[in-house]
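# Report on the structure
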Amino acid sequence: MPQALNVVGRSVVRSDGVGHVTGRTRFAGDLVFPGMLHLKMVRSPVHHARIRGVDLGEAERVPGFVRALTWRDVPHNVYTILSLIGVEPEEEFVLAQERVRYKGEPIVAVIAETEAAALEAVAKVRLDLEELPAVFDVEEALRPGAPVVTDWGNNTFMFEGHPSRRVRLGNVEAGFARSDYIVEAVYNSSPIEQAPTETTGCVAVPEANGRYTVYTNTQALYFSLDNTAIILQIPGKRLHFVGGTVGGGFGGKVDVIVEPIATLAAMKTGRPVRYVFSRSEEMQVSSTRSAWRIYMKDGVTRDGHILARKVTSYADSGAYSRQTPYALTKHAANVAGPYAIPNVSIDAYCVYTNRTPASAMRGFGVTMGSFAVEVQMDRIAERVGVDPWTIRFINAYHNGDLRPHRKIAEDATLIETMQAAAAFVGHQLSDEQKAMTSAPRASLEGVR
Amino acid sequence: MTVTDYFLPRSLSEALDLLGARGPSLMVMAGGTVAMPLVNDGISLPTQVMGLRHAGLDELREEDGELYIGATVTLTRLLRQQALPVLSEAARNTASWSVRNMATVGGNLFTPPPGGDIAVALLALDTSVALTGPAGTRLIPLGAFYTGFMTNALQDGELLTGLRVPRVAGDTAFIKFGRKASNTPSVVTVAVRVARHDGTVTDARIALGAAGPHPLRASAAERVLAGSALGPEAIEAAAAVAAEESQPFSDGVASEWYRRKMIRLFVARALDRIWQGGEDR
Amino acid sequence: MASVIVNFELCGRDVEVLVQPMTTLQSVLRSQLGYTATKEGCRQGGCGSCTVLVDGEPMLSCLLPVEDVAGRRVVTLEGITPIDGLHPIQEAFLESNGFQCGYCTPGMVMVAKALLDHDPRPSREAIAGAISGNLCRCTGYQPIIDAIEKAADRLSGSGEQTGGR
């Protein structure tokens, strides 16, 4: 006998609500431990430079200075966050070695008795940098002769041997040839900072049993633990990560940036170490939603059927790839939109530039693709001379349709969603549109 | 950021003595809303700081038709005073409630652009500033206080102690245009004052914020207005000249190009408001 | 660097702290006194998450050297939270879901407290103006304004005093 539902369909008081409204919820940065040290980072003041030298002499004389960490102190100084799921190569430096590739890249970690002393010591570290030409545009980065950000000679991430994530269905050139109209456009977006109210941070505490407890506001607790273990070359069992309380993330706290170096600092000093970003660090160096450039070309019949879609997308990954390859894979799978198009060709490039590394943010990869697709649909509607609703009903995919990446659609809801939306906004649909469903087509004739 | 001495003088003479004894390395702070962020981030690393919050410079009084505003009068108190509504409006459009409870009118004159909205309104009112040093107090026009980006006419050993807003003729209008409805940095801030006799402009002030290295007057535009009949033609002409003579900049709030367009638009709107007789004293 | 002693009233009790010169009130509250409801979102005066009441007026504890509040009355969120149960403003935030991650919430509640002490029946516009210095990145503000409206209804409806000023 089914039990009565007591949560679904009702408003319930959140379990963490009382803690939040009383301020008793403990966020990572609220924690204070006896003897706790403070870590602040010396960062690159320029976008691209060769590091000729680092002089710690004056910093070491600041009262309260405890020690500094450079790349030589990091057991495994190069990594890729997604190496845990087989993404390679390892390419991001925990602390910069011979080069800095973006403004704000960490070079030297300074550990001091107080935050004030740490800030003063950071200001007194002297960097000898030879500035290099920098590149900030995805297409410029792919041109011959462009400044090279990576260590392998070009600015391209390779997807299983290809410079782009590719999707192919049918023959787009044949589709264009049979089309009455060609609709072409380019869509650009800027990077977006998630800007959570609580900045990224953690406290790493050495325990009596030789383990390290790390209190962190990461959105990806076990990604952080595993990557920290790899970077520090210690077994994961020596790390105990405590998290789950996040003062806003939106994807901005999935990268493993503060935990490895704070834990290393705790190992080297034997004391608790707090490493929390300032607001300017959060804005300047925490990863953003990537900038995008999307070229879209569609071939359309006079009656509004899209016969072919060719997409070339570039995501600006910034100086390191982080989660952007994953974004490109999602992007390539979705940028044909929820539409049945028989001929599709998609090339999605992950491009390195000297910007702040991009990473996750709410629907990353898909969000900008959807923006491009839907503006494009409106343009097609205008060209064909039908309203924006109609062009979507004509092209909406049905269950049973083959999507460009060879998945059979089994969760199609565009038609029903549009019908519900029309009712909400009082838009009058045609009888034919009202009668449509996402049910499998009687024949696949509609999908040319 | 490792401060070794933080002084909180209880009187002006104590403050001047400290300044005299410690010299220019003594950082002077009023409400702290500009200085503390720099100290907190390690951008500014002072060792000796003097806070003026308790130095007795917070007098706000009307005398002989003038308004005297002590340097450390908070923006909240400026908002609540009723003698000069245009200053209340400027205060209401500056920062947030908590910041207004801390930020001071004197401190606003040291706020780099696009800040300094109060100063824009003060410029349109022919305000003078009182600079006090060991030799006494000198009074100079606010326009002469600014000498460049983040530089001013204060000499070693002097403090800005207060402001005098004289009784001036004419109607005023103040518009701050930002990207949000409130608590927003300025795209452009405009304060205008126009005195008329029989429909002819006898005296005009056009003061602009976020339009140069410091709050400034659009003097050429003021000359366009002077002697004209205030109306659409004169307003458009003055607004165009104001946009041309200003020196806007690009930052995270707005581009130079956009600011110049908005200067023209909002100078015209402010003057229009006076012409339509919508506002003021 | 000689430390200095500062005395002030915190949530109804007298406290004495030994600090480095010009330590912020925020830092003293969070690191020395364990009053961590006061948050640290920017230390630039830009986010409002460290708002406290000084003699009843909302101020930003990240911009206040603790020496400046010597002898004054400081109230943080801990000070308006009953030992058992919740303040009506907190109840309203809880019921209206005037929070998501909870990080801006202490600052929001403190500004709401100050607002309702000054103006027991604020308009929605006045509420929006009052919280314009408090950034929330999760809720979109409407549930927060709803919560403050609801608290105003309850506090003035029942004639209950919120204390403070």
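Up top is the structure.
Here's a quick rundown of the structure. Note that the structure is predicted; figures quoted are calculated from it, not measured.

## Quick notes on the nonpolar core
Core analysis: the biggest nonpolar cluster contains 87 residues, and Leu 39, Leu 69, Ile 261, Tyr 275, Ile 294, Met 296 and Ile 380 of chain A have the highest contact counts within it. When residues no more than four places from it in sequence are discounted, the contact partners of Ile 261 of chain A are Leu 39, Met 41, Leu 69, Val 74, Val 94, Leu 95, Ala 109 and Tyr 275 of chain A. Of all hydrophobic cores here, the second largest spans 69 residues; its members include Phe 145 and Phe 174 of chain B together with Val 28 and Val 69 of chain C.

## Let's talk about unusual backbone geometry
Following Glu 88 of chain A, the chain continues into Pro 89 of chain A via a peptide bond in cis, with omega recorded as 0 degrees. A cis amide bond links Pro 113 of chain B with the next residue in sequence, Pro 114 of chain B, at an omega value of 10 degrees. If you trace the backbone, Pro 114 of chain B turns up in the loop between α6 (105–108) and α7 (117–124). Positive phi, close to 55 degrees, is recorded for Ala 95 of chain B, a residue that is not glycine. Secondary-structure assignment places Ala 95 of chain B in the loop between α4 (85–92) and α5 (97–100). Of note in the backbone geometry, Tyr 141 of chain C takes a positive phi value of approximately 75 degrees without being a glycine. Considering the arrangement of structural elements, one finds Tyr 141 of chain C in the loop between α5 (124–130) and α6 (142–157).

## Topic: the packing of aromatic side chains
If you walk through the whole model with that rule in mind, you get 14 aromatic pairs over all chains. A ring pair is formed by Phe 177 of chain B and Phe 266 of chain B, whose centres lie 4.6 Å apart and whose planes are at 20 degrees; its orientation type is stacked. Of this pair, Phe 177 of chain B sits in strand β11 (residues 171–178) while Phe 266 of chain B sits in helix α11 (residues 256–275); the two residues are 89 residues apart in sequence, bridging distant segments of the chain. Classification of Phe 266 of chain B as buried rests on a relative accessible area of 7%. Three or more aromatic residues joined by ring pairs make a cluster, and in this case those are Tyr 295, Tyr 314 and Tyr 349 of chain A. Positioned above the aromatic ring of Phe 364 of chain A, the side-chain terminus of Lys 330 of chain A is 4.2 Å from the ring centre.

## Quick look at the pairing of strand β12 (residues 186–197) of chain B
Residues and elements named next belong to chain B. Where burial is concerned, most of β12 is hidden: ten out of the twelve residues are buried. Pairing between β11 and β12: eight bridges, direction antiparallel. Looking at the pairing, Ala 173 lines up with Val 192 of β12. As paired elements, β12 and strand β13 (residues 200–209) share nine bridges and run antiparallel to each other. Directly across from Thr 189, in β13, lies its bridge partner Gly 209. Two successive antiparallel strands, β12 and β13, enclose a turn made up of two residues, where Asp 198 displays a positive phi of approximately 50 degrees.

## Points about the sheet that holds strand β3 (residues 48–51) of chain B
Think of a sheet as strands paired side by side through backbone hydrogen bonds, with each pair either parallel or antiparallel. Residues and elements named next belong to chain B. With parallel pairing, the three strands of this open sheet are ordered in space as β1-β3-β2. At either end of the open sheet lies a strand with only one pairing partner, and these are β1 (5–7) and β2 (27–29). Recorded for the sheet is a direction-independent mean angle of 20 degrees between the axes of neighbouring strands. Where β2 meets β3, three bridges bridge the pair, whose relative direction is parallel. Looking at β3, one finds that Met 29 is bridged to Gly 51.

## Things to note about helix α6 (residues 221–232) of chain A
Residue and element names in this part refer to chain A. Taking 1.5 Å of rise per residue, twelve residues should cover 16 Å, and α6 covers 16 Å from first to last C-alpha, within 8% of that figure. When α6 is considered as a whole, its buried residues turn out to be Leu 221, Ser 224, Leu 225, Asn 227, Thr 228, Ala 229, Ile 231 and Leu 232. Where α6 ends, the next residue or the one after it, Gln 233, has phi of about 55 degrees, a positive value.

## So, the interface of chain A and chain C
Listed as interface residues are 30 residues of chain A and, on the opposing side, 30 residues of chain C. Here chain A packs against chain C, burying approximately 2400 Å² in sum over the two surfaces, 55% of which is carbon and sulfur. In this assembly, chain A and chain C are joined by four salt bridges. The shortest N-O distance in the salt bridge between Glu 40 of chain C and Arg 274 of chain A comes to 3.5 Å. Joining chain A to chain C, the criterion identifies eleven residue pairs in polar contact (both at pLDDT 80 or more). A total of five residues in the side of chain A that touches chain C trace back to one element, the largest contributor, which is helix α1 (residues 17–22) of chain A. Classifying every residue of the side of chain A that touches chain C by side-chain character gives nine nonpolar, eleven polar and ten charged.

## Quick look at the packing of helix α3 (residues 88–95) of chain C against α6 of chain C
All names here are of chain C. The geometry of α3 relative to α6 is characterised by a closest axis approach of 8 Å and an angle of 140 degrees between their N-to-C directions. Taken together, the axes of α3 and α6 lie oblique to each other. The interaxial crossing formed by α3 with α6 has right-handed handedness. Two secondary-structure elements touch here, α3 through Pro 88, Ile 89, Glu 91, Ala 92, Phe 93 and Glu 95 and α6 through Ile 144, Ala 147, Ile 148, Lys 150, Ala 151, Arg 154 and Leu 155.

Conventions adopted
- Residues numbered from 1 in each chain as written.
- Chains lettered and ligands numbered in written order.
- Predicted model: local features only at pLDDT ≥ 70, side-chain atom pairs only at ≥ 80, totals over all residues.
- Heavy atoms only, no water.
- Core = buried A, V, L, I, M, F, W, Y, C linked by side-chain atoms within 4.5 Å.
- Buried < 20%, exposed > 50% of the residue type's maximum accessible area, 1.4 Å probe, protein only.
- Contact = heavy atoms within 4.5 Å.
- Helix = DSSP H or I, 4+ residues; strand = E, 2+ residues; numbered from the N terminus.
- Phe/Tyr/Trp six-rings, centres within 6.5 Å; stacked < 30°, edge-to-face > 60°.
- Lys NZ or Arg CZ within 6 Å of the ring centre and 35° of its normal.
- Pairing = 2+ DSSP bridges.
- Axes fitted to C-alpha atoms, helices over the stretch in contact; angles between N-to-C directions.
- Expected span 1.5 Å × (residues − 1).
- Buried area = accessible area lost by both parts, 1.4 Å probe.
- Salt bridge = Lys/Arg side-chain N within 4 Å of Asp/Glu carboxyl O.
- Polar contact = N/O pair within 3.5 Å; in protein donor to acceptor, adjacent residues only side chain to side chain.
- Nonpolar A, V, L, I, M, F, W, Y, C, P; charged D, E, K, R; others polar.
- Parallel < 35°, antiparallel > 145°, perpendicular 65-115°, else oblique.
- Left-handed = near helix turned anticlockwise from the far one by under 90°.

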